[in-house]
Every structure is written in C-alpha cells, then in structure tokens.
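Geometric and topological summary
Residues per chain, in single letters:
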There are 2 protein chains.
Amino acid sequence: MEALSLGQYSFVQNGYSFGFAVMAAATLFFWLMKSEIAPSYRLAITITGLVTAVAAYHYLQIMLSWNAAADVTTGEVLATGKPFNQAYRYVDWLLTVPLLLIELILVMRLSKAETIKKSTVLGGAAALMIVLGYPGEVSDIGGLRFVFWVLSMIPFVFIVYQLVVGLKESISKQPESVQNLVQISIYLVIGSWLFYPIVYLFPLVGLDGGAAITAVEIGYTVADIVAKAVFGVFIFVIAMRKSQAESEEANGATATLADDDAEGEETSKLS
Amino acid sequence: MEALSLGQYSFVQNGYSFGFAVMAAATLFFWLMKSEIAPSYRLAITITGLVTAVAAYHYLQIMLSWNAAADVTTGEVLATGKPFNQAYRYVDWLLTVPLLLIELILVMRLSKAETIKKSTVLGGAAALMIVLGYPGEVSDIGGLRFVFWVLSMIPFVFIVYQLVVGLKESISKQPESVQNLVQISIYLVIGSWLFYPIVYLFPLVGLDGGAAITAVEIGYTVADIVAKAVFGVFIFVIAMRKSQAESEEANGATATLADDDAEGEETSKLS
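Thresholds applied
Residues numbered from 1 in each chain as written. Chains lettered and ligands numbered in written order. Predicted model: local features only at pLDDT ≥ 70, side-chain atom pairs only at ≥ 80, totals over all residues. Heavy atoms only, no water. Helix = DSSP H or I, 4+ residues; strand = E, 2+ residues; numbered from the N terminus. Buried < 20%, exposed > 50% of the residue type's maximum accessible area, 1.4 Å probe, protein only. Areas by Shrake-Rupley, 256 points an atom, 1.4 Å probe, with all protein chains shown as cover. Lys, Arg positive; Asp, Glu negative; His and termini not counted. Charge placed at Lys NZ, Arg CZ, Asp CG, Glu CD. Polar contact = N/O pair within 3.5 Å; in protein donor to acceptor, adjacent residues only side chain to side chain. Contact = heavy atoms within 4.5 Å. UniProt positions renumbered as here; feature names shortened; annotations may be inferred. Salt bridge = Lys/Arg side-chain N within 4 Å of Asp/Glu carboxyl O. pLDDT = per-residue confidence, 0-100. Least-squares fit on C-alpha atoms with pLDDT ≥ 70 in both. Phe/Tyr/Trp six-rings, centres within 6.5 Å; stacked < 30°, edge-to-face > 60°. Core = buried A, V, L, I, M, F, W, Y, C linked by side-chain atoms within 4.5 Å. Buried area = accessible area lost by both parts, 1.4 Å probe.

A separate point is the overall build of chain A. Within chain A one finds 10 helices and 2 strands. Listing every helix and strand of chain A by position from the N terminus yields α-α-β-β-α-α-α-α-α-α-α-α. The dimensions of chain A, computed from C-alpha atoms along their principal axes, are 75 × 40 × 25 Å. Out of the 271 residues in chain A, the part that is buried amounts to 48%. Total accessible area computed for chain A in this model is approximately 12200 Å², and 66% of it derives from carbon and sulfur atoms. Placing the 15 positive and 23 negative side-chain charges of chain A at their respective mean positions leaves the two points 6 Å apart.

Our next topic: the side chain of B:Arg42. With respect to the helices and strands, the residue B:Arg42 is situated in helix H2 (residues 42-69). Within the structure, B:Arg42 has its side chain in polar contact with the side chain of A:Glu36 (distance 3.2 Å). Leave out the neighbours within four places in its chain, and B:Arg42 touches A:Met33, A:Glu36, B:Lys34, B:Ser35 and B:Ile37.

To continue, consider the UniProt feature "transmembrane region" (unreviewed entry) in chain A. Mapped onto this structure's residue numbering, the UniProt feature "transmembrane region" (unreviewed entry) falls at residues 15-33, 40-60, 90-107, 119-134, 146-165, 186-206 and 218-239 of chain A. Spanning residues 218-239 of chain A, this segment combines 100% helix with 0% strand, and its end C-alpha atoms are found 30 Å apart.

Turning our attention to the pattern of salt bridges. Under the defined criterion, the tally for this structure stands at 14 salt bridges over all chains. Put simply, B:Lys34 and A:Glu36 hold a salt bridge, and the shortest N to O gap is 3.8 Å. With B:Lys34 in the loop between helix H1 (6-33) and H2 and A:Glu36 in the loop between helix H1 (6-33) and helix H2 (42-69), this residue pair bridges two chains. For the pair shown, B:Lys34 and A:Glu36 are each scored as buried. Taking the shortest distance from any N to any O, the salt bridge between B:Glu217 and B:Arg89 comes out at 2.8 Å. Taken together, the residues B:Glu217 in helix H9 (residues 210-258) and B:Arg89 in helix H3 (residues 87-108) connect sequence positions 128 residues apart. Taken together, the salt bridges that share partners define one network made up of A:Arg89, A:Asp92, A:Glu217, A:Asp224 and A:Lys228.

Attention now goes to the environment of A:Ile45. Tracing the sequence through the fold places A:Ile45 in helix H2. Along the primary structure A:Ile45 and A:Ile154 are separated by 109 residues, whereas in three dimensions their C-alpha atoms are 29 Å apart.

Moving on: the confidence of the model for chain A. Of the residues in chain A, 93% have a pLDDT of 70 or more, and the chain-wide mean is 89. Mean pLDDT across the elements of chain A ranges from a minimum in helix H10 (residues 261-270) of chain A, with 41, to a maximum in H2(A), with 97.

Further remarks concern the relation of the copies chain B and chain A. Rotating chain B by 72° and translating it 0.1 Å along the rotation axis places it on chain A, where the RMSD comes to 0.1 Å. Those values place the two copies in the arrangement expected of a five-fold rotation axis. Interface residue correspondence from chain B to chain A reaches only 3%, placing this contact among heterologous pairings that use different surfaces.

Turning to the environment of B:Lys242, a few remarks are in order. All names here are of chain B. Here lysine 242 is to be found in helix H9. Under the relative-accessibility criterion, lysine 242 is labelled buried at 3%. Here the alpha-carbon distance between lysine 242 and serine 40, two residues 202 residues apart in the chain, equals 9.8 Å.

Another aspect to go through is the packing of aromatic side chains. Residue and element names in this part refer to chain A. Under the criterion given, the structure shown has 31 aromatic pairs over all chains. Considering the side-chain rings of tryptophan 66 and phenylalanine 84, the 5.0 Å spacing of their centres and the 80° angle between planes classify their relative orientation as edge-to-face. Here phenylalanine 84 lies in the loop between strand E2 (78-79) and helix H3 (87-108) and tryptophan 66 lies in helix H2, a separation of 18 residues in the sequence. Like phenylalanine 84, tryptophan 66 is buried. Aromatic pair tryptophan 93 and tyrosine 220: ring centres 5.3 Å apart, planes at 65°, arrangement edge-to-face. Pair noted here: tryptophan 93 is in helix H3 and tyrosine 220 is in helix H9 (residues 210-258), with a separation of 127 residues, a long-range link. Here tryptophan 93 and tyrosine 220 have matching classes, each one buried.

In terms of nonpolar packing, the biggest core is built from 157 residues, with A:Ile159, A:Leu163, A:Trp193, B:Ile159, B:Leu163 and B:Trp193 touching the most fellow members. Among the elements that line this core, the one with the most residues is H2(B), at 14 residues. When neighbours within four sequence positions are excluded, B:Ile159 is seen to be in contact with B:Leu101, B:Leu122, B:Ala125, B:Ala126, B:Met129 and B:Trp193.

Tallying the contact residues gives 30 residues for chain B and 23 residues for chain A. At the boundary of chain B with chain A, total buried surface from both sides reaches about 2200 Å², with 71% on carbon and sulfur atoms. Taken together, the connections running from chain B to chain A amount to 2 salt bridges. Residues B:Arg42 and A:Glu36 are paired through a salt bridge, measuring 3.2 Å at the closest nitrogen-oxygen approach. Applying the counting rule to chain B against chain A returns 4 residue pairs in polar contact (both at pLDDT 80 or more). Listed by contribution, the elements that provide at least two residues to the side of chain B that touches chain A are H2, H3, helix H4 (112-138), H9 and helix H10 (261-270) of chain B. The element best represented in the side of chain B that touches chain A is H2(B), accounting for 9 residues.

Below, the structure is given as structure tokens:
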C-alpha cells in the first residue's frame, strides 16, 4: 500500500467509485426496462441486472476496504494496518461469472434441454475456474501461484472453446438482426476475460510496485465493466431486437389470419 | 480549504445537499412517471432518470468528501488533511454527459440508423471531451491546464455544432407541439455547458481564494442541475406531448377504419 503515490491511490479509489456507479446504473437500467421486453427474455434481463447488482455491492465493499487500508491525511499514503481485502473480487466472480454465461445462453433462447445443459456445463466450469484461482491468489509461494494458475486455465480454455465452437451452430439459428450482436457479445466476454489470467501472473514476474498495483486494479475495474455492464447492454439490445422481431412476426401472422390490419396492429402493441 | 470563511464553507455544503436533493427527486419523478408515457419513449425517460441518479450518487460523495476535508468545530474552517476529491465531478460527467445527449436523441425518435449514428458520435465526443479535460484539472502546471483546455474544447465545439446545425433538419420533422421545446432543450444544454470551460480557466487567471472556490462549486452545482434535472424535465414534457399526439393519431386512424369512436379510444389506451 505504501508503494503507492497519493495520485495513484486516488486514481484507483476513483476507479472503484466509477465501477460502483456504472454497475448500479446498469442494474437500474436493466430492471426498469425489463417490462418493455417480451416475456421470454425477461429472465435473461433479470439475471443481467443481477450480475451488475452483485458487482455494484462488491465495488462498494472494495472501495470501503481500500479507504480503510490507508491514511492520506499527511499528503502521503500511509498503511493503517487494516489489510486491503482482495477476496471481494473472488467472491464477486464466483457469483457473477457463472451468471453472465447463463444470461448469454438465455437470451439466445435455445431449446429447453440445450439451455439447461449449456447453463450447467458453462456455469459449473466458470465456478470451478474461480475456485481454482483463489488458493494461488492468496499464496505467497510463487510455485503454488503458478500451479493454481495452470489448474484454473483448464476450465478457462474449456469455456472459451465452448463459446467459440460450441455456440457457433446456435448463432446461425438466431434471427439475422442479432447474429452480429451475439457474435460481438461472445468476443466481448473472451476479450475482457483475457485480462485476468495475465494480471494473475504479474507477481510472478516481479511486478508489484505502485504502478503495477494501479495498473492491476484499474485493469480489473475496466475488465469487469466491459464483461458485466457493457456485455449486459449487448444482451439487452439482443433481447429488445428479438422481442420486436417476434412481435412483428406475430403481427404478420395475426393480420394474415384475420385479414385485418387494424387488429394485427393491436396485437403487436399488446405483445 | 482554509481560504474559505465558515459562511462560504457552509454555503457550498448546502449547495451540494441541494444538488443531491434535486437530482434524487428528479430521478424518482422520471421513473415513477415512466409508465404514463408511450412505450416508444420509455427508453429515453429511463435514461433521463439514470443521468440524475448517477448525479445524485456523486453529489452525495462530493458532500461527504467536503465534510471530511474540513473541521469547523472551532468556528473556523481548518483542513483535516483529507483531500477534497474533485475527481468525483469528472467521474460523474464521464457517465452522464454522453447519456444526456443520448436521451435527447432518443426522445426525437429518429430512424434507427440515425439514432445509433448520432448517439455514437455525440456520446463518444462527449466522453472524449471529459477525458481530455481531466489531466489539466489535476495538473499544477498552468501551461498543461491550458493545453488540455484547448484539446477538450475541440470535441466541445464539435458537439455544439452538431446540436445547432446537425439536428436542425431533425427538429423540423418533429410534431409542431414539441418543436419549440426541443429547440429550448438544445439551448439549455449549450447554455449550461458554457459555464464549465470558463470556470476551468479560473486558476490560470489567479482566481483561487475563498470567493473563487465558492463561485466555482456553486456554479458547477447550478450548471449540473440545469443540464441534468431541468433538461430532463424538458425531455419528459416532450415525451409526454409526443405520446399524446401519437395516441390521438392512432385513435383517429382506428376510428376511421372501424368507424367506431369507442373502439378507437380503447386501442389508443392500450398503446
């Protein structure tokens, strides 16, 4: 903690506050807009908001822990002795990472059997990945850190493989208006996730000064915002477009059935 | 901090409290009234409330930071050593300024392609403007402050130009009952925004005593209230009037089709 300059300390603190504000705002947005989306996608949007809500809580806790760990009244960063609690990030990921994979699966609206299977497999692998990473994170022995990094990378690589290859066929079955968005969402998950295993190795290669701590904390915050809030907005737009497409389809079907445009319009407004 | 008289210190503090109350009240108003507005404008109103919600959170943080920075128990303003966190304003603007431009674009209900294009361009320029302003704000070197002021003014001028010229054609396509309101909303944004770059230059011309700090903080608070809460009310009124106009139109159309006023009214209520 004392390796940090006052500027670095404040920058990280403002990053946490920004993280909290983004996650809380995203949560409110998803839940307020839920009613504007077709019922079939409301579970996905509820969970999308749950992910950012859990993250908002943890960013608040991380910010309070960061504040309590240092005294800056002298114009310098002095450790108070209270340890900065790194574990909040792991507790957060243990909850949010499986859920954010599930929200992606839900918004794709696969068959019931496939949804359950993919949610269990990907969600389980994600939880395993986090659990295997933690012992290495809190260990002071470089060798142990590396061993758990390798163990944690096994489910990581499996998830990435499943997202890239396993979901390929399902993407082609999505309505054309959202195929690109689903593809971008998947890249967003993978892209933001790549940051974590790299940062995990920083202490092994001797990066632990003030600049390294600042880079790690700001990097985690940005990666979390992309993986949860920005990703969530993509899930929301996909759900919105699929709702509209389905309501237009229902509209068309009713109009043909009843041969009456006015009635068709009414149906589409209700749906 | 110690340049302030007790009266000035309290005045600024009460200003923050007023800012928080206005932003929180505006948020509740927008979200409570959301359901009374036609579905097409609910996204705009949700975001309008999001802007004031994020601002309310930051006014609370600014107020707490202001309280922690000074001890007034002796009847004088004594610095406690805890720095007053100016960055909260920037963190707030980084989130809210792009969003408030997007809420204006959304309430105009342009074509989908135009909405996405204008939101990306104006939102992106707004974020760039804030990011470029921050390094100058925290720098003690006058020259750097000026350089970043100039850099930040480039997206600022671009946004103002886009609002005045780029949206001119779109305004003429709005229903007559709201054309004036849209025009006033745009002037409100530009008018309240002009305050920020002027204040930014205060330290360069030697204004940094208690009176200057008071003027800056109260000025920022008033400008924020105008740009977010008052502007939001205009967005709300526009959405309300457009909802009514569209429901009357739908009413008329159905009435002609079905030659039955009662049925038409029912449809308009559903929409």
